[in-house]
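# An overview of the molecular structure
One-letter residues, chain by chain:
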Amino acid sequence: MQHSSAMLTVVVLIAYVGGSFGAFPTTIKVCSRNDPELSRCVIESVNDLKPRLATGKISDDFKIPPLEPLALSTVNMDRGAEFKATFSELLVSGPSKFKVDNLKVNIEKLIFDFNIFLPKLSFKGKYDLKIKLLLLNIAGVGDLTGVIENNQARVKLLCENYTKDGKEYIRVKKLLVRIQIEKGRFDMKDLFRGDPVLSQAGNQFINENSRLFLDELTPGLERSLSETFKNTANEIMQQATFDEIFPA
C-alpha cells in the first residue's frame, strides 16, 4: 500500500527526471539532448536534487511539497466484493532515500525507462477495508502504521510533443508502473470493530500472509498511481518548453 509513498516519490522524480527544469532555478542541472551520456547526466541531476526534494525547497523562489515526510491523499482499492480498501491521511518517512538506475532515454521518441529503489518506508494514516484473504474475512476502520522494505518499481514514460502559443512543449501520454515489495509489516487498529482479541489475530494473519496481502493491493495501486503520476508530471512539465528542458 505504501507503494503510494514509494511511488509518489517516483512522481516527483518522474516529473523532475522527465524534465521540467529549463525555466526553473540554476540549482537544477539541465541536460543537453545531444549529450552522448544523457542517461548518466539525468541521473546525476536527480541525485544532486535529492536533498532539495527532501525539504521541498528547490530555491528561494521555487518550493514543492517536501518528501520528508511525504503526505499522500486518499488511495482507493476496489477489486470487487472481496477486496475493498481505502487508505487516507498518509504520512510516509523514507522517500528521499530513493535510488534511480538503469535509465534508458530515447530522446527522439521521448521514451524514458528507469528503475526506482526505496530501501525502507515507514508510514502512518487511516484505513477502511473489507477484504477476504484466503478463507478469512477481515474488516475494520481505524489507524494504520507499518513498514515496507526493499521496494522496487519499473517506470516507463511515453511522452509526446505539442505546440502552445507557437512554442514546443512535451507531456506524458502514458505512464506505466510495475511495483515489487519484498516485505511489509502492518498494524491496523480496531479490526473486527475493535474486538482486541480478533484485532490482534487479524493483524497477525495479515502479517503472516503479507505476500498475499501485498499482491492483492498491487494491481489497483499501480493503476491509480500511474494516473496520478501522469497528471502531476504534466502539471510540472508545462512550465518549460522542450528546448528549455533538453537544450541542444
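Each remark here, short or long, concerns the structure printed above.
All of these numbers come straight from a predicted model, not from anything done at the bench.

### Re the packing of aromatic side chains
Counted according to the given criterion, the structure contains 3 aromatic pairs. Consider the rings of Phe123 and Phe186, whose centres lie 6.1 Å apart with planes at 50°: the pair is tilted. Of this pair, Phe123 sits in strand β5 (residues 111–133) while Phe186 is found in strand β7 (residues 167–188), placing the two residues 63 residues apart along the sequence. Each member of the pair Phe123 and Phe186 is classed as buried. Above the ring of Phe98, the side-chain terminus of Lys50 is found at 5.2 Å from the ring centroid.

### Thoughts on helix α3 (residues 196–208)
An ideal rise of 1.5 Å per residue puts 18 Å on 13 residues; α3 measures up with 18 Å between its terminal C-alpha atoms. Inspection of α3 places Ser199, Gly202, Asn203, Ile206 and Asn207 among the buried residues, and these make up the whole buried set. For α3, the angular spread of the buried residues around the axis is 125°, confining them to a single face. When the buried face of α3 is taken as reference, the exposed residues oriented beyond 90 degrees from it are Val197, Gln200 and Glu208. Two or three places before Val197, at the opening of α3, Asp195 has a side-chain oxygen 3.0 Å from that residue's backbone nitrogen.

### As for the side chain of Ser88
Here Ser88 lies in strand β3 (residues 83–93). In contact with Ser88, not counting residues within four places along its chain, are Thr74, Gly125 and Lys126.

### Focus: the environment of Ile206
Mapped onto the elements of the fold, Ile206 is located in helix α3. Take Ile206: its relative accessible area is 0%, and that puts it in the buried class. Separated by 18 residues in sequence, Ile206 and Met188 have C-alpha atoms that sit 9.7 Å apart. Ile206 has contacts with Leu133, Ile138, Phe186, Met188, Leu191 and Phe213, leaving out every residue within four places of it along the chain.

### What to know about unusual backbone geometry
Put simply, Glu68 and Pro69 share a cis peptide bond, and its omega is -15°. Structurally, Pro69 is set in the loop between α2 (38–55) and β1 (70–72). The residue Glu89 is not glycine, and still its phi comes out positive at about 50°. Structurally, Glu89 can be placed in strand β3. We note that Asp190 has phi near 65°; this positive angle belongs to a residue other than glycine. Given the relative accessible area of 41%, Asp190 is considered partly exposed.

### Digging into the pairing of β7
Across a regular strand the side chains alternate sides, sitting on one face of the sheet and then on the other. Strand direction decides the pairing type here: strand β6 (residues 136–164) and β7, joined by 20 bridges, are antiparallel. Note on β7: the bridge partner recorded for Lys164 is Lys167. The antiparallel hairpin formed by β6 and β7 contains 2 residues in its connecting segment, where Asp165 sits at a positive phi of about 55°.

Thresholds, definitions, all that
Residues numbered from 1 in each chain as written. Predicted model: local features only at pLDDT ≥ 70, side-chain atom pairs only at ≥ 80, totals over all residues. Heavy atoms only, no water. Phe/Tyr/Trp six-rings, centres within 6.5 Å; stacked < 30°, edge-to-face > 60°. Helix = DSSP H or I, 4+ residues; strand = E, 2+ residues; numbered from the N terminus. Buried < 20%, exposed > 50% of the residue type's maximum accessible area, 1.4 Å probe, protein only. Lys NZ or Arg CZ within 6 Å of the ring centre and 35° of its normal. Expected span 1.5 Å × (residues − 1). Arc of directions from axis to C-beta. Polar contact = N/O pair within 3.5 Å; in protein donor to acceptor, adjacent residues only side chain to side chain. Contact = heavy atoms within 4.5 Å. Pairing = 2+ DSSP bridges.

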